[in-house]
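Fold and geometry: a report
Chain by chain, the residues run as shown.
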Amino acid sequence: METGAPAPGEQSSGWADALPALVLLVLGLAGLATATILTSTVPGQYLILARPGTATGAILDMVYRARGGIVGFGGLPGIALAASDDPGFAEAVRAEGAWIVLPSPKLLGCFGPPGRDL
Amino acid sequence: MNAEIHRLRERFGALLVWLLWAHVPVLGAAAAWNKVMSVPAAMLIGAGLALIYHIAWLRCGTGAVTRNLSGIVLIGEPAFLLILFAGHPWQMDMHMYFFAVIALNIAWFDRAVIVFSGTGTALHHLLLLYFLPYAVFPSDGDLARVVLHAVIVIFQMLVLLWVIDMVRKAFERISVMSDELIAKSVALEDRNRLVEESSRAKSMFLANISHEIRTPINAVLGFCHLLQRSRLEPRQRDHVAKLNDAGVSLLRLINDVLDFSKNEAGKLTLESHDFDLRAAIGSQIQLVEESARARGLSLAARIDDRIPALVTGDELRLNQVVLNLLSNAIKFTEKGGITISVRQIRSDADRVCIECAVSDTGIGMTAAQQAHIFASFMQADSSTTRRFGGTGLGLAICRQIVEQMDGRIEVQSTPGLGSVFTFTMRLGIGADASCQAPLPHDRLRALRVLVADDNPASRDFIDATLTRWNMRGDLVPSGSEALAMLEREAMAGNPYDLVLLDWKMPGMDGLQTVRAMQSSPHLAVMPTTLIVTAYPIDEFIRDQDRAAISAVLRKPLDAHGLLDMLNQLIPPAAPPVSSGADLRASSAGLHLPQAMQGLCVLLVEDNAINREIAVELLNDAGLVVDCAENGVIACRRILDEDHGYAAVLMDVQMPEMDGVAATKLIRQTHSADCLPIIALTAHAYEEERQRCLGAGMNDHISKPVDPDQLIRVLGTWLKTGPQAVRKERTRAGATGLVPVLPAQLPPFGLDRALRRVNGKAALLRRLIVSFGESYGRVGDDLRAMIRAGRIEDAARLAHTLKSVAGSLELAEVPDLAGQIEAALGAGESGAVAGLIAELADRMAPAIAAANSLQPAPSQASADAPAAARINAASHASAEARAARDALRQQLCRRSLSARAGFHAFADALGLDAGTRDAHPVLQALLRLDYAEALRLLDGTQPETGPDNGEVAT
């Protein structure tokens with residue numbers, strides 16, 4: 001007869017057992033963020049991530065020099081949305097000093113109205 | 001952890017494997033539908049999630065790693081669906097799925113998993129629904145809604161944690177209760193086992209005690225039966241009768257206790273067969289009518305005409321109930337009468353419900369006494385037990401039986417006025433009586449019958465039976481009326497052909513009526529006359545009676561038995577028997593039909609006393625008996641030696657090999673049809689009977705053996721085919737069944753003496769030889785006793801001589817001995833000298849005749865080599881040596897069973913009847929001279945050397 005004794009795996013629960021789940025959580029969130037950004041992009045519109053601390057004007061100059069225009073700035077410093085018809089815009093902005101240039105997502109989260117175009 | 005929770009986790013863990021893999025096509029479909037991502041990529045991601053969990057499940061089972069991972073993997077599914085439904089109106093609805101998968105994790109009953117999945121969901125929302133939109137589109141970071149979602153998720157998480165705690169506590173409580181229940185169950189099982197063992201031990205005790213008690217009762221009743229058939233002084237007969245009554249009472253008591261305990265144990269099994277209810281009731285009435293008559297009570301029966309001729313049920317148990325109620329009614333009734341009435345209260349196509357009421361005018365009972373009258377070991381009150389005796393089990397057994405038959409039993413009683421015991425019973429309706437019950441042939445139906453019985457119930461029974469047989473019968477209540485009817489009808493030229501006379505009737509009894517019929521000048525031709533009695537009647541029947549009585553029928557009279565007897569007496573194509581020629585063959589039903597006379601049966605019985613009784617009964621019935629002391633010997637006789645037995649009577653409990661094992665062995669080569677085996681067992685249990693029948697036995701007789709039943713059962717099973725008869729005739733010649741007495745042996749009246757010993761010539765020969773040895777010097781002995789002043793001894797010797805000489809039909813000697821006894825009793829010692837001298841003269845030819853039956857010296861001498869051969873044979877035969885050793889021990893113990901032991905020894909030696917009867921050891925045993933028998937037996941021991949083969953015999 002079985003009693004209230006712990007079953008296999010029950011008593012060894014600890015951080016070591018939680019680690020795989022935590023790693024998966026971190027990687028999953030990163031992957032979801034990436035997938036969120038990369039899916040459903042807006043053609044000719046880019047998300048620009050500059051070095052943290054870069055001033056807004058410097059980002060504006062950077063975009064203009066790459067023959068594009070600023071659509072808006074993100075909530076965090078160093079993040080901007082730009083638009084350009086130049087197929088080499090992404091390369092040009094990186095050349096001007098941007099860290100990461102990605103196609104701009106159409107929308108983020110699930111609270112906004114569908115099919116929003118900025 | 002609770003084992004039940006562990007089992008639930010295992011089932012849920014396995015379910016999750018299938019559930020996660022099932023998401024893969026769903027994700028692919030979502031991707032194909034909303035076109036946010038390529039289908040393969042979506043399916044690949046879904047497969048990745050399923051694979052992560054699957055690997056964890058395979059490696060860690062239900063361990064914490066697997067559980068924690070499952071919490072994250074599960075919320076990964078709705079999170080990924082949010083992406084796949086990006087821009088679609090359903091995207092928002094995918095949040096519902098978060099709640100579903102978080103709730104699904106409750107099946108792990110693990111707080112950590114719920115915390116993981118809830119925290120993961122909250123982080124997912126903060127990152128992807130607030131931080132990331134805010135980072136890109138500052139206006140989209142709706143922190144309030146994210147917080148709202150997070151609060152709902154946390155609330156759900158708290159609810160789930162509470163539920164998990166509650167469920168786990170409930171499981172813990174259930175586990176504790178389960179542990180306690182299991183512990184109690186184990187204790188209960190132990191107790192049950194002890195109770196069952198105790199019950200089994202009780203059953204074994206009952207079975208064993210039954211065997212142990214029944215065996216000596218068998219001896220007591222058996223010898224009583226034999227004694228009652230011998231010549232006894234009135235005082236001795238009275239003592240024997242009382243001894244027999246006590247034995248019967250003891251047996252009834254044991255049967256009651258056994259019945260009750262068997263019923264209590266739920267082992268009362270009812271049989272079902274067709275029977276005649278009227279005959280069954282009539283039989284029970286006949287069983288008690290003598291008791292009723294002795295107490296001056298009337299006995300009447302009323303049976304509903306609507307009751308079918310044949311009903312189906314357990315006749316034996318029904319009889320038990322009826323007999324018990326009738327016996328009680330008689331016991332508790334001082335004056336008045338008892339009435340038994342049976343009526344049909346309802347019936348359908350195949351069942352009939354009967355109500356039987358036994359009413360009396362006895363002492364009655366109060367309401368309080370009635371309340372517990374059917375309880376075990378209860379009588380009306382303790383004074384009842386003191387006054388009337390009994391165990392108080394009878395009515396309890398009746399209740400058990402009646403309830404088993406879907407009926408009920410109740411009593412209505414008024415103190416001082418009487419009681420009415422009523423029981424109902426459901427019985428089947430038997431097959432058509434005309435198809436089942438045999439009817440008399442035409443010659444019987446044409447007979448005019450007169451029945452004389454003072455008991456109205458018996459008259460009614462016989463009247464009903466005759467009516468069913470389409471026979472004419474006139475009934476009268478007394479012998480004198482019967483005689484008057486016989487004379488009147490004879491004078492009118494319309495005489496009766498058949499007369500049934502009850503023996504015990506007030507006024508002129510049955511025998512007196514027969515004598516009056518014989519001396520009646522108006523009865524030129526005596527009708528076929530049957531005496532009906534419940535008592536041993538042999539000793540009261542005179543020689544002249546035998547000429548007029550065709551048969552004696554035992555009560556209770558049953559229709560089948562009566563018809564069988566009538567068929568024997570008046571066969572279809574033979575003239576009526578009107579002489580007493582067949583009296584002995586039919587007397588008391590203890591003789592088998594002529595066709596079975598002389599058949600050989602094997603009696604397998606280890607108890608010497610029981611063996612002796614059975615041999616006597618079987619011999620009396622006209623059978624030749626071989627004996628075996630155990631199953632091994634029986635099997636050897638049947639399987640190896642093939643004596644062509646007509647039947648085997650098999651004791652069940654025996655040393656070396658019991659009856660069941662022996663029967664199974666015999667049945668491998670001898671079918672039940674060709675060799676009937678009848679069990680003799682002291683066990684009264686149905687299981688024992690079934691065990692015997694299951695082993696292949698044909699029938700079962702319980703001990704103490706009832707002689708009637710023994711002969712009846714043998715009559716049913718004995719084989720009477722020509723092969724059996726031929727074997728018997730051959731055997732009779734081989735075993736020395738030759739006349740052991742001359743045709744005449746004056747002055748002994750051999751014919752009459754033979755009749756006294758039921759025709760057993762060998763026994764009569766032994767008696768005569770013994771007489772010669774015992775009384776050869778009776779004159780000298782008497783004179784010596786008188787000279788020594790031992791007058792009482794002399795009178796006793798004369799008395800014994802009178803009795804023995806009378807039984808041997810010696811003319812004059814009994815009278816002379818009686819005169820000597822009377823003279824000695826009167827103190828006239830001097831006058832007896834002349835009588836003794838005359839006695840010696842009269843005894844001389846008798847002694848000479850008796851001595852003529854002794855083996856002549858030359859013959860004894862001639863027998864010496866034969867004895868030596870016997871010794872040689874016995875020397876070589878282990879069986880003979882064993883038999884001789886057993887006999888020697890019996891002689892040393894001065895055991896009565898030594899006679900049986902000698903016969904076993906003689907069997908082993910193969911002695912024929914003549915040699916056996918003349919054997920000095922047997923002669924010494926018959927004189928109860930054990931020392932002489934032992935000396936003679938030891939004298940037959942073979943010496944060690946071949947030259948010392950002489951024997952002392």
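The structure under discussion appears in the preceding block.
The model shown is predicted, which means the values in this text are computed figures rather than measured ones.

Thresholds applied
- Residues numbered from 1 in each chain as written.
- Chains lettered and ligands numbered in written order.
- Predicted model: local features only at pLDDT ≥ 70, side-chain atom pairs only at ≥ 80, totals over all residues.
- Heavy atoms only, no water.
- Pairing = 2+ DSSP bridges.
- Helix = DSSP H or I, 4+ residues; strand = E, 2+ residues; numbered from the N terminus.
- Axes fitted to C-alpha atoms, helices over the stretch in contact; angles between N-to-C directions.
- Contact = heavy atoms within 4.5 Å.
- Buried < 20%, exposed > 50% of the residue type's maximum accessible area, 1.4 Å probe, protein only.
- Parallel < 35°, antiparallel > 145°, perpendicular 65-115°, else oblique.
- Left-handed = near helix turned anticlockwise from the far one by under 90°.
- Nonpolar A, V, L, I, M, F, W, Y, C, P; charged D, E, K, R; others polar.
- Disulfide = S-S within 2.5 Å.

1. Overview of the sheet that holds strand 15 (residues 647-651) of chain B
Two orientations exist for strands paired in a sheet by backbone hydrogen bonds: parallel and antiparallel. Residue and element names in this part refer to chain B. Strand order in the open sheet made by the five strands is 14-13-15-16-17, with parallel pairing throughout. Lying at the two open borders of the sheet, with one neighbouring strand each, are strand 14 (624-628) and strand 17 (699-702). For this sheet, the mean inter-axis angle between neighbouring strands, taken without regard to orientation, is 20 degrees. With four bridges connecting them, strand 16 (residues 677-681) and strand 17 associate as parallel partners. The residue of strand 17 that forms the bridge with threonine 681 is serine 702. Against the sheet, helix 22 (residues 631-641) makes contact with strand 13 (600-604), strand 14 and strand 15, and its axis sits at roughly 155 degrees relative to strand 13, the strand it touches most. Of the strands in this sheet, strand 15, strand 16 and strand 17 touch helix 25 (residues 707-717), which is tilted by about 170 degrees from strand 17.

2. Some thoughts on the side chain of threonine 121 of chain B
In this structure, threonine 121 of chain B sits in helix 5 (residues 111-136). Other than its neighbours up to four places away in sequence, threonine 121 of chain B contacts Ile75, Phe98, Ile102 and Val153 of chain B.

3. Structural notes on the pairing of strand 16 of chain B
Residue and element names in this part refer to chain B. The buried fraction of strand 16 amounts to five of the five residues, a majority that puts the element mostly inside the structure. What you see with strand 16 is no split at all: Ile677, Ala679 and Thr681 on one side and Ile678 and Leu680 on the other are buried throughout. Taken together, the four bridges between strand 15 and strand 16 define a ladder with parallel strand orientation. Bridge pairing in strand 16 links leucine 649 to isoleucine 678.

4. Digging into the packing of helix 3 (residues 64-84) of chain B against helix 5 of chain B
Residues and elements named next belong to chain B. Across the interface, helix 3 lies against helix 5 with an axial gap of 8 Å and an inter-helix angle of 30 degrees. Looking at the two axes, helix 3 sits roughly parallel to helix 5. As helix 3 packs across helix 5, the resulting crossing turns out to be right-handed. Where helix 3 abuts helix 5, its residues Arg67, Asn68, Ser70, Gly71, Ile72, Ile75, Ala79 and Leu82 lie against Ala112, Val113, Phe116, Ser117, Gly120, Thr121 and His124. Taken together, the residues that form the contact of helix 3 with helix 5 break down as seven nonpolar, seven polar and one charged.

5. Considerations on the state of the cysteines
With the rule as written, the count across this model stands at zero disulfides over all chains. A disulfide-free cysteine, cysteine 600 of chain B has its sulfur positioned 9.7 Å from the sulfur of cysteine 627 of chain B, the nearest such atom.

6. Here we look at the sheet that holds strand 10 (residues 498-502) of chain B
All names here are of chain B. Here five strands make up an open sheet; going across it, the order is 9-8-10-11-12 and the pairing parallel. Two strands lie at the open edges of the sheet, namely strand 9 (472-476) and strand 12 (551-554), each paired on one side alone. The mean angle between the axes of side-by-side strands here comes to 20 degrees, regardless of whether they run parallel or antiparallel. Pairing geometry for strand 10 and strand 11 (residues 528-533), over five bridges, is parallel. Residue pairing in the sheet places leucine 501 in a bridge with isoleucine 531 of strand 11.

Nothing here speaks to function; it is geometry throughout.
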